[in-house]
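The residues making up each chain are set out below.
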Amino acid sequence: MGKIAFVFPGQGAQTVGMGRDIFETEEAAARIFKSADAALGYSLSSIIFEGPEAELKLTYNTQPALLTTSIAYLEVFKAKGLQPDFVAGHSLGEYSALVAAGVLSFEDAVRTVRARGEFMEEAVPSGQGAMAAVLGAERDALLQLCQTITNEIDVVELANLNCPGQIVVSGSVAGVQALVERGKEIGAKRVIPLEVSGPFHSSLMKPASERLSAVLTAVSMQNASVPVVANVTALPVTEPSEIRALLVDQVHSSVLWEDSVIWLIEQGVDTFVEIGSGTVLAGLIKKIDRSVKVIGINSKDAIEQFQ
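Worth saying up front: this structure is predicted, and the values here are computed from it rather than measured.

Definitions and limits used
- Residues numbered from 1 in each chain as written.
- Predicted model: local features only at pLDDT ≥ 70, side-chain atom pairs only at ≥ 80, totals over all residues.
- Heavy atoms only, no water.
- Pairing = 2+ DSSP bridges.
- Helix = DSSP H or I, 4+ residues; strand = E, 2+ residues; numbered from the N terminus.
- Contact = heavy atoms within 4.5 Å.
- Axes fitted to C-alpha atoms, helices over the stretch in contact; angles between N-to-C directions.
- Phe/Tyr/Trp six-rings, centres within 6.5 Å; stacked < 30°, edge-to-face > 60°.
- Buried < 20%, exposed > 50% of the residue type's maximum accessible area, 1.4 Å probe, protein only.
- Salt bridge = Lys/Arg side-chain N within 4 Å of Asp/Glu carboxyl O.
- Parallel < 35°, antiparallel > 145°, perpendicular 65-115°, else oblique.
- Left-handed = near helix turned anticlockwise from the far one by under 90°.
- Nonpolar A, V, L, I, M, F, W, Y, C, P; charged D, E, K, R; others polar.

A. Up close: the sheet that holds strand β9 (residues 269–275). In spatial order, the strands read β8-β7-β2-β1-β9-β10; together these six strands make up an open sheet with mixed pairing. Strands at the two margins of the open sheet, each flanked by one partner only, are β8 (236–237) and β10 (293–297). As judged from the five bridges shared by β9 and β10, these two strands associate in the parallel manner. Across the sheet, residue V273 finds its bridge partner in β10, namely I295. Here helix α5 (residues 59–77) sits on the sheet and contacts β1 (3–8), β9 and β10; the angle it forms with β9, its principal contact strand, is near 120°.

B. View of the packing of aromatic side chains. Taken as a whole and assessed by the stated rule, the structure comprises six aromatic pairs. Between the aromatic rings of F23 and F49, the centroid separation amounts to 4.9 Å while the plane-to-plane angle is 45°, which identifies the pairing as tilted. Of the two residues, F23 sits in helix α1 (residues 20–25) while F49 sits in helix α3 (residues 44–50), which places them 26 residues apart along the sequence. When its relative accessible area of 26% is taken as the criterion, F23 is described as partly exposed. Ring geometry for F77 versus F306: centroids 5.0 Å apart, planes at 80°, classification edge-to-face. Residue F77 is found in helix α5, and its partner F306 is found in the segment after α14 (300–305); the two are separated by 229 residues along the sequence. On the accessibility criterion, F306 (16% relative accessible area) is buried. Every member of this aromatic cluster is reached through a ring pair, and the members are F6, F77 and F306.

C. Expanded view of the pattern of salt bridges. This model, assessed by the stated rule, comprises 10 salt bridges. The partner of R111 in a salt bridge is D108, with the nearest N and O atoms 3.1 Å apart. Of this pair, R111 and D108 both sit in helix α7 (residues 106–123), three residues apart, which is roughly one turn of that helix. Its relative accessible area of 40% is what places R111 among the partly exposed residues. As a salt-bridge pair, R182 and E185 come within 3.0 Å of each other at their nearest N and O atoms. Its relative accessible area of 23% is what places R182 among the partly exposed residues.

D. Main features of the side chain of S277. The topology assignment puts S277 in the loop between β9 and α13 (280–288). Judged by its relative accessible area of 5%, S277 falls in the buried class. S277 has contacts with P9, A13, Q14, T15, M18, L66 and T69, leaving out every residue within four places of it along the chain.

E. Inspection of the sheet that holds strand β5 (residues 166–172) at higher detail. As summarised here, the arrangement of the four strands in space is β4-β5-β3-β6, forming an open sheet in which the pairing is antiparallel. Only two strands of the sheet have a single neighbouring strand rather than two, namely β4 (156–163) and β6 (190–193). Taken over all neighbouring pairs, the strand axes of this sheet differ in orientation by 25° on average, direction set aside. Pairing analysis gives six bridges linking β4 to β5, with the strands arranged antiparallel. What sits directly across from E157, in β5, is S170. Across the sheet, helix α9 (residues 173–182) touches β3 (129–135), β4, β5 and β6, and the angle it forms with β5 is around 140°.

F. Examining the packing of helix α6 (residues 93–100) against helix α11 (residues 240–250) more closely. Two numbers describe how α6 lies on α11: the axes approach to 11 Å, and their chain directions differ by 165°. Compared by their axis directions, α6 and α11 come out roughly antiparallel. You can see that α6 and α11 cross each other, and the crossing is left-handed. Residue-level contacts link E94, Y95 and L98 of α6 to I243, L247 and Q250 of α11. Of the residues contributing to the contact of α6 with α11, the split by class is four nonpolar, one polar and one charged.

Now the structure itself:
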């Protein structure tokens, strides 16, 4: 029997109405949504269930909304008795993983990611940062092109290393625009500008990291009950001081998702359970290694059908 990893999605997986099915039928899930509203002092749950979409897409709402939905599904899924050997999350999803591993209380996590969203939103004035998805380029060649453009024009960096042939870059508008224009030089099939509110996971986010550091210093953390694979290193962490430092760095560093999944498979993980809205991570994991099993826990039906 192989090992199991629980994985949790990040920004981009949100949809209006996510989690409503278990909120209405499962007391354990309803408690999580109500707990989020109480911790934040406003009705996050009504934004999640009713929108409007523009309100849900605001980073400081999106981040606590996705965390809350993931943990609500996790609470209901726990009744199945399946225990993970490892947990991991994509960017924001790392906070869901930390709650799953008992490092953070849900209430502390939801308040922290609300602040994280605000800090990320405010780090770079609107209209000055950008991101783009690069399809079909080799990592090393793309890294070199980013460094060239950063030196010659303005900042553009590798933000999310998602799977073979899919890397997101982030930086200034001028830097990302130059990469969009020059991507074909390194064999990129397409470079698609993304609709985002800031240059996430780039060095331009360092002001947000500094503000988040002060918040994280005040948050209580326990040792992880199972190893958490960190985005920044693609290696396991269990100890609070290291986790804190990596969460601060994570805001302005690359998300090493492909490397994290490869490391997990090397440890014997053959089953990934994606818990939360959508199936974004399932698609990425299958592109990294087709042989592994990926289960999506993103509805009441999915939980009931789980064997």
